[in-house]
Amino acid sequence: MADPSALVSSPGDPLCGAAVAAFEAFVAGDPIPLSDHLKSLGVDVDRLWRLPRWNDESDDGDATGEEPGDRDPLRESDQEERDAAISGALRAVHGVPAGGALLALHVWNLCAEEWEHTYRFERMLGTLHTFAALWNRHRGDETDLDSRAAGDAGAALARLQILEIDAESAMCRGDLPRQASAAADTLCAGEELLEASAAISDRLTPLREYFQVLAQARTVYYRALRGAAESAAAALRGHLDPLADGTRLLTEAEHSSALSPIERSELRAHRFSLERLAASADEEWLTVDRAEVTFVIPFGLNGRTPMDVVDALRAMDEPPVIAGVTGRAIRQSFQLDDVWAGADYLERRFEGAAVELPPVRLRHLDGTPIAEFTAELRLSQLGNHYLRLETEVHGADPHQMQMTLFRAEYGHGHINVECGGHIWDRLSEFASDFQTGVAERLSEHDTVSARPGRYQVLVALHELSAGTGPGRPAHERRPVTSGSDLLGLFGAQALLHPVPNGIGSICDWSRYAIDASQLLHDVRKQGDLVAATENSTVIALFGSPSFMIGTYRTLAEFVGSLDGLFSAWHDRLASHHPRVTHLVGESTDEQSIEALGEYSERLHVEQLQLHDFATETRSVLSLIHSPNLVTAPTDAAALSLLLRHAEVEQLELDFATKLRELLSDRIEVRIDAMATKLQQRIEADRIRQAQFNRGIVDALLAAIAVFGAAGVVQILQAAGLSQPAFAAWAVAAILVMAAVCSVAVFRWSRSGGP
């Protein structure tokens, strides 16, 4: 620790020319010169750049050795890496005038840039927490008072950004009073940054002024946001008058020169929502008195067949432990309505085994309950496996319904998701870990991989009511009795719009538009309504008993589970692709029949596997579309309608196209080419062999013809030429002539002579 008596403030501008130029460029919106300047001081800027990135490839989720569900959000990536990177950077700038402040601005900008691209805040928060903590630990080593004050302001900026992220996370949790509280905390942090920057002397006037500009902008922004959240919360309780104050604060902030165009656009979105709430004061508002909400979170498994997977679960003696969660019971079959008793000629149907899980409880970070789900894992004989989460909703306003449907999105704010004694940050993370855990549990003998699909939210509306304005007590509301009635209510859009991937403003549901093409009218009886969107199915069968609604829910649940099946199929197709690419690009000895034959056989094996895969998928798809999948023709018609609105046929077409491309464009073309070359090589060898055989025969015939000359010798001998010398020369001449003629005729025959 430095001796306080040694602290001095040196006269003059302490920043070098390079630092001044880098800072001025940073203020003007170009962060690269500051990064280059820090790099020249020895800061590992590339290492710092990776710290807040959600998709940094060096981040290994298993590196910590922690069990799924036990991860601290601020330790999801390697905390030691954060400590080492930021400590190294602080050492590099130690003794450099305002070095800590410049480093703080660089880290703040890295996190701000990443914030624009993701709802995965943990790595950003970890980076900012680490910088603030390490600066506080090492600030005493800074002997220059102004550099220390500037570094303190930099740490205050990091803490402010932490609370800004928390405020957005609060908006994505959907609790307006908590959002207002988070905005108030951020406002206080902005005021603390103003106070910290005021301690910087005139020697670092540009830095002081920049910190103050940042702080003033945030105080303006979060003062307006706090007022907007408070007024919206009051409006949902039935007190609409505060909306005028909230709108006024937002309007004033929008016209503030302290804010950037991006910040003004965000406040404008909040203002539009508040104005829409105010305009709805005399409209009838929807209240969902009772509804059942089911999350179908599908996945597929590769490595074992669906039947093997189901049989493996059924054969277990006790409920499995998956992702650290011990199941409560194994069910040998699904709990389904008997409409699924149909079967095709192969006696296949939608059936399987299930694991009943402990309840899944959602809580705010302070422990306040949000919701509780019954949970079940279903493994299907068709391969459309899914995690099923179900809860009931009572007396919910449109805002509460939107947030209920939003719970499974990754963009949801950080909460506590508890199941079986383990904690996750989001419901989506729980589902992801659980799907991976299923694959690991089934990988005892074969490697099994899980491929997630898009989730579906199913909402069965049982009792609805309407009253003028928000917050009306039950006795002042009337029952809603038809689909057309529901569509005329303010707040219906929160139910009938697809679930967004993020929350853009306070009560942004108030400005949603309903796509009429996604509405199915009179599906069972006159006045019935079903909304089938990209990721939700809302069932409003007015006047129908619960068991009839339940039947329709199972149809929608089946359709919602199919995306995991297609995901697994695409994964299998992707696994074939590199093998096909390698085979097609592989070279072989085209002069060898054996090499060509072996290569062609390998191509045929891969082709056969793809054809078997295609046959398997077509068989499953034919069953999905078969009227025999369910028992009643009306249910088959309803299932067909839901399949069409879920665009399952488009999924099938996309998969079939990729499969056909892999087969036709790669394998079959290569097989045809190899077959042609193999046939050409066989024909060439046949011709060569035929020519060789012909040459042998012709040579033998030539030799025989020459040896026929022996008859001439016999005639000469009979005429008196019988000397021994004559006989020897005659024999030698005949042999030489036979050899020469045989060779000549053989070569002439091999060369293709007639």
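Just so it is clear, the structure is predicted and the values come from calculations on it, not from any experiment. (Residues numbered from 1 in each chain as written. Predicted model: local features only at pLDDT ≥ 70, side-chain atom pairs only at ≥ 80, totals over all residues. Heavy atoms only, no water.)

A. Seen up close, empty space enclosed by the protein. A full pass over the atoms with the stated rule returns four cavities of 30 Å³ or more. Empty space within the largest cavity amounts to approximately 50 Å³. Along the walls of the largest cavity sit L313, M316, P320, I322, V355, L377, L379, V438, R441 and L442, which together make up its complete lining. Counting residues per element, the ones that place at least two in the lining of the largest cavity are strand 6 (369-380) and helix 14 (427-441). Residue composition of the lining of the largest cavity, grouped by class: nine nonpolar, no polar and one charged. (1 Å grid on protein atoms, 1.4 Å probe; cavity = no way out; pocket = protein on both sides within 12 Å on 5 of 7 lines; lining within 4 Å. Points joined across faces, edges and corners; volume = space filled by probe spheres on them. Helix = DSSP H or I, 4+ residues; strand = E, 2+ residues; numbered from the N terminus. Nonpolar A, V, L, I, M, F, W, Y, C, P; charged D, E, K, R; others polar.)

B. Focus on the pairing of strand 5 (residues 352-363). Relative to strand 5, strand 4 (residues 329-331) runs antiparallel, the two sharing three bridges. What sits directly across from R331, in strand 5, is A354. Bridge count for strand 5 against strand 6 is ten bridges, and the pairing is antiparallel. Bridging from a neighbouring strand, R363 pairs with P369 of strand 6. Hairpin remark: strand 5 followed by strand 6, antiparallel, with five residues in the connecting loop; positive phi at G367, about 95°. Examined bridge by bridge, strand 5 and strand 8 (residues 416-419) share three bridges and lie antiparallel to one another. (Pairing = 2+ DSSP bridges.)

C. Representation of the environment of A228 within the structure. With respect to the secondary-structure elements, A228 resides in helix 9 (residues 205-236). Exposure remark for A228: the relative accessible area of 0% places this residue in the buried category. For the pair A228 and G246, spaced 18 residues apart in the sequence, the C-alpha separation amounts to 4.4 Å. Once residues lying within four places of it in the same chain are set aside, the contact partners of A228 are G246, L250, L274 and I506. (Buried < 20%, exposed > 50% of the residue type's maximum accessible area, 1.4 Å probe, protein only. Contact = heavy atoms within 4.5 Å.)

D. The side chain of D508, seen in detail. When you line up the elements, D508 lands in the loop between helix 16 (492-496) and strand 13 (519-521). Buried and unpaired, D508 has no salt bridge, with R511 as the nearest side chain of opposite charge at 8.3 Å. Setting aside chain neighbours within four positions, we find D508 in contact with S273, Q402, G502 and I503. (Lys, Arg positive; Asp, Glu negative; His and termini not counted. Salt bridge = Lys/Arg side-chain N within 4 Å of Asp/Glu carboxyl O.)

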